[in-house]
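What the coordinates show
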Amino acid sequence: MLCSGYMSPEYGIDGLFSVKSDVFSFGVIVLEILNGMRNRAFQHPDHHHNLLGHAWILWKEGRPLELIDANLDSSGFESKLLKFVQIGLLCVQKAPEDRPTTSTVVSMLSNEGLTLPEPKQPGFFVERCPSCYTMVEYCSHSAVTITLKEAR
């Protein structure tokens, strides 16, 4: 199984790394901060998508502010939060060429009147296998393993 936490699709699948891989990771972190949940730990009663998939579904349905953590006092900041959701989704787009550069992200964050492009589908937008998460004995979370070679 691929590590779809912060790893860009091109790195996770093909081992290709670029400056756009860092942008993908940044986008995941932005969405995690807004939602208050980690990408891989995210669960929703209506579907089995990770946080990126959930954010994308809300965006496509015109309900992106539902992504925001209920513990955040968002009153009066809705337009800024919407902008942050959009920037996060732009950063996690599936194709590296669709993602902004780091300097473009900085420009998006610092310029109030900048019109942002419409995000495309994020990478790792697939539903998880719900039964896979009930078999804890087969899973390893943040575990380190060491393999030693011994002569026969």
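Look a little higher up for the structure.
Let me begin by describing the structure that accompanies this report. These numbers were taken from a predicted model, which means no experiment stands behind them.

1. Quick notes on the packing of helix H2 (residues 19–35) against helix H3 (residues 51–60)
Packing of H2 against H3 leaves a shortest axis separation of 10 Å and a crossing angle of 75 degrees. Relative to H3, the element H2 lies roughly perpendicular. Across from Phe24, Val28, Leu31, Glu32 and Asn35 in H2, the residues of H3 making contact are Leu51, Leu52 and Ala55. Its residues assigned to classes, the contact of H2 with H3 comprises six nonpolar, one polar and one charged.

2. Description of the packing of helix H4 (residues 78–91) against helix H5 (residues 102–110)
Contact geometry of H4 with H5 gives a least axis separation of 10 Å together with a crossing angle of 170 degrees. Taken together, H4 and H5 sit at an angle that is classed as roughly antiparallel. Residues Lys83, Phe84, Ile87, Leu90 and Cys91 of H4 lie in contact with H5, whose contacting residues are Val105, Met108 and Leu109. Within the contact of H4 with H5, the residues separate by chemical class into seven nonpolar, no polar and one charged.

3. So, the pattern of salt bridges
The full count for this structure, using the stated rule, is four salt bridges. As a salt-bridge pair, Glu61 and Arg63 come within 2.2 Å of each other at their nearest N and O atoms. Judged by its relative accessible area of 47%, Glu61 is partly exposed. Between Asp98 and Lys120 there is a salt bridge, with its nearest N and O atoms 3.2 Å apart. Taken together, the residues span a long stretch of sequence, with Asp98 in the loop between H4 and H5 and Lys120 in the segment after H5 at a distance of 22 residues. Each of Glu61, Arg63 and Glu66 takes part in salt bridges that share partners, so that together they form one network.

4. Remarks on H4
With 14 residues, H4 extends 20 Å between its outermost C-alpha atoms, agreeing within 8% with the 20 Å of an ideal straight helix rising 1.5 Å per residue. Those residues of H4 that fall on the buried side of the exposure criterion are Leu81, Lys83, Val85, Gln86, Ile87, Gly88, Leu89, Leu90 and Cys91. Contacts made by the buried residues of H4 are with H2, H3 and H5.

5. Regarding the nonpolar core
Residues Leu31, Leu34, Leu52, Leu67, Val85, Leu89 and Val92 are the most contacted members of the largest nonpolar core, which totals 17 residues. Elements with a minimum of two residues in this core: H2, H3 and H4. Examining the composition of this core, we find that six residues originate from one element, H3, more than from any other. Beyond its immediate stretch of four places on either side in the chain, Leu52 contacts Phe24, Val28, Leu31, Asn39, Val92, Pro122 and Gly123. Counting residues in hydrophobic clusters, the runner-up holds seven residues, among them Val23, Cys91, Val105 and Leu116.

Analysis parameters
Residues numbered from 1 in each chain as written. Predicted model: local features only at pLDDT ≥ 70, side-chain atom pairs only at ≥ 80, totals over all residues. Heavy atoms only, no water. Axes fitted to C-alpha atoms, helices over the stretch in contact; angles between N-to-C directions. Helix = DSSP H or I, 4+ residues; strand = E, 2+ residues; numbered from the N terminus. Parallel < 35°, antiparallel > 145°, perpendicular 65-115°, else oblique. Contact = heavy atoms within 4.5 Å. Nonpolar A, V, L, I, M, F, W, Y, C, P; charged D, E, K, R; others polar. Salt bridge = Lys/Arg side-chain N within 4 Å of Asp/Glu carboxyl O. Buried < 20%, exposed > 50% of the residue type's maximum accessible area, 1.4 Å probe, protein only. Expected span 1.5 Å × (residues − 1). Core = buried A, V, L, I, M, F, W, Y, C linked by side-chain atoms within 4.5 Å.

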